[in-house]
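Structural description and commentary
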Amino acid sequence: MKGWKRGWTGDRVGDGARRLAAPLGVAGGLAAAAGYVAAVDPNRPGRYPACPLLRCTGLYCPGCGGLRGLHALTHGDLPGALGANALAVAAYAAFAVFWCVWFTRALRGRGGVSLSPRARHWWGLGAVVALFTVLRNLPVGTALAP
């Protein structure tokens, strides 16, 4: 197009900013949430609502300890984070990899990341979460309990 400035990728100037808006917006929101969890310690009672499943049944849900794990990660304590909720730490790491791929593809102008999980992927994820939940509530899996 005549009259439009072109950037280093050959796109119009401003297209790159639009492509990066979504990944950078997600990163900003997550950074704000992680910053809040880093500043407001979930290990102190009364700071966050209690897990309703734990309160009513005494059983740990798959998310129990996730905030404590994030708090530990933001303070550089990986063993403490894994002790609070290893599944949540693995999910944080998987999302970080996903975000890096998304950001790199957006930066290069290749679009977003196409996710099209099949039924077997959902069943596999459900099985991992269910197994983790059952094991952390059994005496043999006390290392997985927060």
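Residues numbered from 1 in each chain as written. Predicted model: local features only at pLDDT ≥ 70, side-chain atom pairs only at ≥ 80, totals over all residues. Heavy atoms only, no water.

What to know about helix H5 (residues 119-136)
In a regular helix each residue adds 1.5 Å, so 18 residues correspond to 26 Å; H5 covers 26 Å between its end C-alpha atoms and thus fits that length. Where H5 is concerned, the buried positions are Phe132, Thr133 and Arg136. Buried positions in H5, seen along its axis, are confined to an arc of 100° and lie on one side of it. Counted as exposed and oriented over 90 degrees from the buried face of H5: Ala119, Arg120, Trp123 and Leu131. Where H5 is buried, its residues touch helix H4 (78-107). (Helix = DSSP H or I, 4+ residues; strand = E, 2+ residues; numbered from the N terminus. Expected span 1.5 Å × (residues − 1). Buried < 20%, exposed > 50% of the residue type's maximum accessible area, 1.4 Å probe, protein only. Arc of directions from axis to C-beta. Contact = heavy atoms within 4.5 Å.)

Some points on the packing of helix H1 (residues 15-39) against helix H3 (residues 66-74)
Their axes nearest at 8 Å, the elements H1 and H3 cross at an angle of 90°. Regarding the angle of H1 to H3, the classification is roughly perpendicular. Here Ala34, Val37 and Ala38 of H1 lie close against H3, whose contacting residues are Leu67, Leu70, His71 and Thr74. Taken together, the residues of the contact of H1 with H3 break down into 5 nonpolar, 2 polar and no charged. (Axes fitted to C-alpha atoms, helices over the stretch in contact; angles between N-to-C directions. Parallel < 35°, antiparallel > 145°, perpendicular 65-115°, else oblique. Nonpolar A, V, L, I, M, F, W, Y, C, P; charged D, E, K, R; others polar.)

Quick look at the packing of aromatic side chains
Centre-to-centre distance and the angle between the planes together describe a pair of aromatic rings. Evaluation of the coordinates by the stated rule reveals 4 aromatic pairs. Where Trp99 meets Phe103, the ring centres are 5.1 Å apart and the plane angle is 10°; that geometry is what we call stacked. Of this pair, Trp99 and Phe103 both sit in helix H4, 4 residues apart, roughly one helical turn. A relative accessible area of 18% places Trp99 in the buried class. (Phe/Tyr/Trp six-rings, centres within 6.5 Å; stacked < 30°, edge-to-face > 60°.)

Digging into the UniProt feature "transmembrane region" (unreviewed entry) in the chain
Look at the UniProt record and you will see "transmembrane region" (unreviewed entry) annotated at residues 20-39, 82-102 and 122-145. Counted over residues 20-39, helix gives 100% and strand 0%. Its end C-alpha atoms are 28 Å apart. (UniProt positions renumbered as here; feature names shortened; annotations may be inferred.)

Structural notes on a nonpolar patch on the surface
Residues Leu73, Leu78, Leu82 and Tyr92 make up a contiguous nonpolar surface patch of about 310 Å² in total accessible area. Here the nonpolar patch takes 3 residues from H4, the largest share from any one element. Relative to the assigned elements, Tyr92 resides in helix H4. (Patch = residues over 30% accessible without salt bridge, like charges linked within 9 Å, V, L, I, M, F, W, Y side chains within 5 Å. Areas by Shrake-Rupley, 256 points an atom, 1.4 Å probe, with all protein chains shown as cover. Salt bridge = Lys/Arg side-chain N within 4 Å of Asp/Glu carboxyl O.)

Notes on the packing of H3 against H4
Here H3 crosses H4 at 110°, and the two axes come no closer than 7 Å. Taken together, the axis directions place H3 and H4 in an arrangement best described as roughly perpendicular. Handedness of the crossing formed by H3 with H4: left-handed. In this structure, H3 contributes Gly66, Arg68, Gly69, Leu70, Ala72 and Leu73 to the contact, and H4 contributes Leu78, Gly80, Ala81, Ala84, Asn85, Ala88, Val89 and Tyr92. Of the residues that constitute the contact of H3 with H4, the class distribution is 9 nonpolar, 4 polar and 1 charged. (Left-handed = near helix turned anticlockwise from the far one by under 90°.)

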